Amino acid sequence: METKRAERIKIMGTGMYVPEKILTNKDLEKMVDTSDEWITTRSGIKERHITAPDETTADMAIMAGQRAIKDAGLAVKDVDMVLVATSTPDTIFPSTATWVQKGLKADHAPAFDLSAGCTGFLYGMIVAEGLILTGTVRRILLIGTECLSKVTNWKDRNTCVLFGDGAAAAVLEKSEDESGMLSSYWKADGNLGELLILPGGGVRHPASHQTVDEGLHYLQMKGNEVFKHAVKRMGEAALMALKKAGIKKEGIDYLIPHQANIRIIQATGRRLKLPEEKVFSNIHKYGNMSVATIPIGLHELKEEGKLKKGSDIVMVAFGAGFTWAAIVYKW
Ligand code: UT7
């Protein structure tokens, strides 16, 4: 499904949060049979941030949300809805969004979670677009937050070297000028869900001694299978959203791809025939923070002053589900 609207939504402010503790590839060499060289060449990751033992997905979201609201020059009371995209909720229920609503003291705001894997922030923007442009709500605080370190098997070298924790948020409202979300494209394929999954703890495999013994409470990924689909789908999604926006590949100022692997990022850049400097990457610093990678990328580009008025950005992601999506956005 593709959408393009005459009216558009706009990002009024952004904020991010990553935990203080940094885990380097050298640290991981002491934990599993791996090397800095393997991790760097296969994934592009050098280090990642890890939550404190008592720090949660909602805690990170609250920090990022407060910063985004401040950046927008607003107060909590000005935000009409809290929408949280995550795959690592604080609790199965109530939603992480309601914990965040409590933490922000946003008692007036409805709050709910959206689960779409690493694609969740883009799915969230598309949902927010619908709610805002139909007049259901005026302003939405959209937060992508992920605490993967607490669902990672730290003895499994296939996965534990890849992920990190973090959160970022955006305040969204109707645009009054040309800037904002120009087009979107979103898809899913539930047939491939088993390739990237956290199988235990839900009602399919309710938590038990057996599920814990079998490690079903940890995320599992068939990395090289996921890799192939990610490369194909991210390129496809970006091209579809660009077509809908009526913008040529050459017109892109920045591509912000989901940060799962530097080789996927580069392959997507090549598919769009973009020079390296137009393809955003910060994976070396953070690893794969799932739903948080795109809003953190957006926030960092903005803070570095690289997004000028009128810059055309493409955000593209792929993740568990599978889900994939792209958004073309005029800054
Ligand atoms: O965010 C959602 C989407 N996620 C992704 O898009 C992730 C996609 N996948 C990937 O990024 C990559 O597939 C990985 C980085 C996970 C793996 O890279 P790969 O080039 O696909 O490697 P591989 O899985 O084919 O494994 C190659 C070898 C294996 O050894 P053998 O069987 O060839 O002897 C692994 O056992 O590398 C071995 N290996 C490791 N060696 C050292 C796997 N993990 C490690 C490790 N250190 N940490």
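Residues numbered from 1 in each chain as written. Predicted model: local features only at pLDDT ≥ 70, side-chain atom pairs only at ≥ 80, totals over all residues. Heavy atoms only, no water.

A.B. asks: When you look at the overall build of the chain in this model, what are you seeing that I'm missing?
C.D. replies: Of the regular secondary structure elements, the chain holds eleven helices and 14 strands. What you see for the chain is a C-alpha radius of gyration of 19 Å, in line with the 20 Å of a compact globule of 331 residues. Here the chain displays about 14500 Å² of accessible surface, and carbon together with sulfur accounts for 53% of that area. Measuring between centres, the 42 positive side-chain charges of the chain sit 5 Å from its 40 negative side-chain charges. (Helix = DSSP H or I, 4+ residues; strand = E, 2+ residues; numbered from the N terminus. Rg over C-alpha atoms; globule rule 2.2 N^0.38 Å. Areas by Shrake-Rupley, 256 points an atom, 1.4 Å probe, with all protein chains shown as cover. Lys, Arg positive; Asp, Glu negative; His and termini not counted. Charge placed at Lys NZ, Arg CZ, Asp CG, Glu CD.)

A.B. asks: How should I be thinking about the packing of aromatic side chains in this particular structure?
C.D. replies: The relative placement of two aromatic rings is captured by the distance of their centres and the angle of their planes. Taken as a whole, this structure holds four aromatic pairs when the rule is applied. Considering the side-chain rings of Y123 and W186, the 4.9 Å spacing of their centres and the 70 degrees angle between planes classify their relative orientation as edge-to-face. Of the two residues, Y123 is situated in helix α5 (residues 120-133) and W186 in strand β9 (residues 180-188); the sequence distance between them amounts to 63 residues. Clustering of aromatic rings is evident, with ring pairs tying together F318, F322 and W324. (Phe/Tyr/Trp six-rings, centres within 6.5 Å; stacked < 30°, edge-to-face > 60°.)

A.B. asks: Is there a simple way to think about the pattern of salt bridges in this case?
C.D. replies: Opposite charge on two side chains makes pairing possible when the charged atoms of those side chains draw close. Under the criterion given, the structure shown has 17 salt bridges. Residues E173 and R139 are paired through a salt bridge, measuring 2.4 Å at the closest nitrogen-oxygen approach. With E173 in strand β8 (residues 165-174) and R139 in the loop between α5 and β7 (140-147), the pair connects residues that are 34 residues apart, well separated along the chain. Classification of R139 as buried rests on a relative accessible area of 9%. Among the salt bridges present, the one from E225 reaches K228, with a minimum N-O distance of 3.8 Å. Taken together, the residues span about one helical turn, with E225 and K228 both in helix α8 (residues 223-245) at a distance of three residues. The network of salt bridges with common partners includes K10, D177 and K309. (Salt bridge = Lys/Arg side-chain N within 4 Å of Asp/Glu carboxyl O. Buried < 20%, exposed > 50% of the residue type's maximum accessible area, 1.4 Å probe, protein only.)

A.B. asks: What should I look at first to understand the pairing of strand β12 (residues 254-257) in this one?
C.D. replies: The side chains of a regular strand alternate between the sheet's two faces. Taking every second residue as pointing to the same face, both faces of β12 are buried, with Y254 and I256 on one and L255 and P257 on the other. Relative to strand β13 (residues 312-319), β12 runs parallel, the two being bridged by four bridges. In the sheet register, I256 faces β13, and the bridge partner there is M315. (Pairing = 2+ DSSP bridges.)

A.B. asks: What exactly am I supposed to notice about the side chain of S290 here?
C.D. replies: Looking at the element boundaries, S290 is found in the loop between α10 (283-286) and α11 (293-303). Taking the relative accessible area as the measure of exposure, S290 reaches 6% and is therefore buried. The contacts of S290, once residues within four sequence positions are left out, are G117, C118, E146, L148 and H258. (Contact = heavy atoms within 4.5 Å.)

A.B. asks: Even after reading the chapter, I still don't get α8, so can you show me in this structure?
C.D. replies: In an α-helix, one turn spans 3.6 residues, which is why side chains three or four residues apart end up on the same side. With 23 residues, α8 extends 32 Å from end C-alpha to end C-alpha; this agrees with the ideal 33 Å at 1.5 Å per step. Restricting attention to buried positions, one finds in α8 the residues V226, A230, R233, M234, G235, E236, A237, A238, A241, L242 and A245. Phi turns positive, to about 70 degrees, at G246, one or two residues after α8. (Expected span 1.5 Å × (residues − 1).)

A.B. asks: Hey, could you run me through the packing of α8 against helix α9 (residues 262-271) in this one?
C.D. replies: The packing of two helices is summarised by the inter-axis angle and the distance between the axes. Contact geometry of α8 with α9 gives a least axis separation of 9 Å together with a crossing angle of 35 degrees. The hand of the α8/α9 crossing is right-handed. Taken together, the residues of α9 that come into contact with α8 (itself represented by F227, A230, V231, K232, M234, G235, E236 and L239) are R263, I264, A267, T268 and R271. Along the lines of polarity and charge, the residues of the contact of α8 with α9 split into seven nonpolar, two polar and four charged. (Axes fitted to C-alpha atoms, helices over the stretch in contact; angles between N-to-C directions. Left-handed = near helix turned anticlockwise from the far one by under 90°. Nonpolar A, V, L, I, M, F, W, Y, C, P; charged D, E, K, R; others polar.)

A.B. asks: Would you take a moment to explain unusual backbone geometry for this structure?
C.D. replies: With the exception of glycine, most residues fall at negative phi, and the peptide bonds are largely trans. Omega for the bond connecting F93 with P94 falls within 30 degrees of zero, at 0 degrees, which places this linkage in the cis form. On the secondary structure map, P94 appears in the loop between β5 (81-85) and α4 (96-104). Cis geometry is found at the peptide bond from G321 to F322, where omega equals -10 degrees. Position of F322 relative to the elements: it lies in the loop between β13 and β14 (323-330). Phi angles above zero are rare outside glycine, and K273 is one such case at about 55 degrees. For K273, a relative accessible area of 67% gives the class exposed. Of note in the backbone geometry, S290 takes a positive phi value of approximately 50 degrees without being a glycine.

A.B. asks: What is the right way to look at the environment of E303 in this model?
C.D. replies: When you line up the elements, E303 lands in helix α11. Under the relative-accessibility criterion, E303 is labelled exposed at 53%. Note: C-alpha distance between E303 and G15 (288 residues apart in sequence) is 9.8 Å.

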